[in-house]
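# Coordinate inspection notes
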Amino acid sequence: MRLVQVTPPANEPLSAEEVRARLNIGTEISDDVLDAFVTSARMVLDGVDGYLGRALVTQTWKLLLPCFPHHWHCDGAVIMIPLPPLQDINSISYADNAGASVIVDPADYRIVQGPRPYVAPVYGKSWPAARWQSDAVEIEFVAGYGDEGSDVPEPIRCAIALAVSQLRSLSTRDQNVMVDSVIGVGSKTYATGRDGGADALGPAAMMLLSTYRVLA
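The structure displayed is predicted, hence computed values, not measured ones. (Residues numbered from 1 in each chain as written. Predicted model: local features only at pLDDT ≥ 70, side-chain atom pairs only at ≥ 80, totals over all residues. Heavy atoms only, no water.)

### Some thoughts on the confidence of the model for the chain
Should pLDDT be low for a region, the predicted coordinates there are not to be read in detail. Put simply, the rule reads: Across the chain, each position has a pLDDT score giving the predictor's confidence in that residue, from 0 to 100. Whether two residues are in contact is decided by their heavy atoms, any of which lying within 4.5 Å being enough.
Looking at the chain, the pLDDT average stands at 86 and 82% of residues meet or exceed 70. In this model, residues 173-183 is a region of pLDDT below 50 whose contacts with residues beyond four sequence positions or in other chains number 25 contacts. Counting contacts from residues 185-201, a segment whose pLDDT is below 50, to residues more than four positions away or on other chains yields 32 contacts.

So, in structure tokens, the structure goes:
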């Protein structure tokens with residue numbers, strides 16, 4: 001199996017303006033730098049190599065397989081579509097015995113949505129015989145929560161904001177000042193260096209992301 005990105009996301013989960021509002025950042029950091037931080041954080045989470053194993057903002061991919069499955073016990077003929085959430089299947093094609101590319105009629109298969117989306121032949125149909133070769137079967141699909149950053153679940157957006165905060169702290173020579181306060185008791189102000197800031201924010205981001213990770 002091989003995954004190739006056809007169209008990357010047109011937008012990021014957070015804009016520079018949104019990051020400024022969430023992290024109370026002034027003009028000391030430019031929009032270009034904040035945009036780069038957001039993109040870097042998103043790339044760690046998003047797509048085939050991302051920590052989450054899913055697509056965030058709308059993007060198009062090709063799933064390449066050496067053959068169709070042809071097992072008729074239970075759901076053995078299904079093809080799992082990676083990088084949920086799945087929006088749609090653009091096309092399914094294959095190389096026939098002569099090497100010609102043939103498009104499978106959409107009426108011959110069904111798309112099943114859910115946490116682990118898949119496609120399977122409709123009742124009474126089976127996958128065609130493809131020539132056994134590398135990338136003989138090609139499935140082009142659209143994945144992601146939506147076209148806009150605001151379509152991405154809020155916990156993921158918050159985790160990206162936390163990651164931007166870490167990158168910001170690593171890019172400055174100043175220490176981060178943190179305040180630990182308890183209502184009715186008082187507060188304590190202390191400073192953390194680069195490593196301490198990353199350690200403090202890492203667990204929070206992982207907690208926010210934990211229910212969204214696609215496990216093999």
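### Things to note about the packing of aromatic side chains
Quick reminder of the rule: Note on aromatic pairs: the rings of Phe, Tyr and Trp (six-membered ring only in Trp) are paired at centre separations within 6.5 Å, and the planes decide the class, stacked below 30 degrees, edge-to-face beyond 60, tilted for the rest. Numbered from the N terminus, helices here are DSSP runs of H or I no shorter than four residues, and strands are runs of E no shorter than two. Exposure is judged per residue with a 1.4 Å probe applied to protein chains only, and the accessible area is read against the type maximum: over 50% gives exposed, under 20% gives buried, and values in between give partly exposed.
One pass over the structure, following the stated rule, counts three aromatic pairs. Their ring planes at 5° and their centres at 5.0 Å tell us that F68 and W127 sit as a pair that is stacked. Separated by 59 residues along the polypeptide, F68 in the loop between β2 (59-65) and β3 (79-80) and W127 in the loop between β7 (118-121) and β8 (137-143) bring together distant segments of the chain. Per residue, the accessibility class of F68 equals that of W127, and both read buried.

### Comments concerning the sheet that holds strand β5 (residues 101-103)
Going by this rule: Paired strands, as defined in this entry, are two strands with at least two bridges between them according to DSSP. The angle between two axes is taken between their N-to-C directions and runs from 0 to 180 degrees, where each axis is a line fitted to C-alpha atoms and a helix contributes only its stretch in contact.
Within the open sheet, the five strands sit side by side as β1-β2-β8-β4-β5. Their pairing is antiparallel. Of all the strands in the sheet, just β1 (2-7) and β5 have a single pairing partner and so form its edges. In this sheet, adjacent strand axes meet at a mean angle of 25° when their direction is disregarded. Across seven bridges, β2 lies against β8 in antiparallel orientation. Looking at the pairing, Q59 lines up with A143 of β8.

### Section: the pattern of salt bridges
Put simply, the rule is: Any carboxyl oxygen of Asp or Glu within 4 Å of a side-chain nitrogen of Lys or Arg constitutes a salt bridge here.
In total, this model carries ten salt bridges according to the counting rule given. Linking R168 and E28 is a salt bridge whose minimum nitrogen-to-oxygen distance equals 3.1 Å. Remark: E28 occurs in the loop between α1 (16-23) and α2 (31-45) and R168 occurs in helix α3 (residues 154-170); sequence separation between them is 140 residues. The class of E28 is exposed, set by a relative accessible area of 54%. The salt bridge partner of K125 is D108, with a shortest N-O separation of 3.7 Å. Of the two residues, K125 is situated in the loop between β7 and β8 and D108 in the loop between β5 and β6 (109-112); the sequence distance between them amounts to 17 residues. What you see here is one network of salt bridges that share partners, running through E18, R22, E154 and R157.

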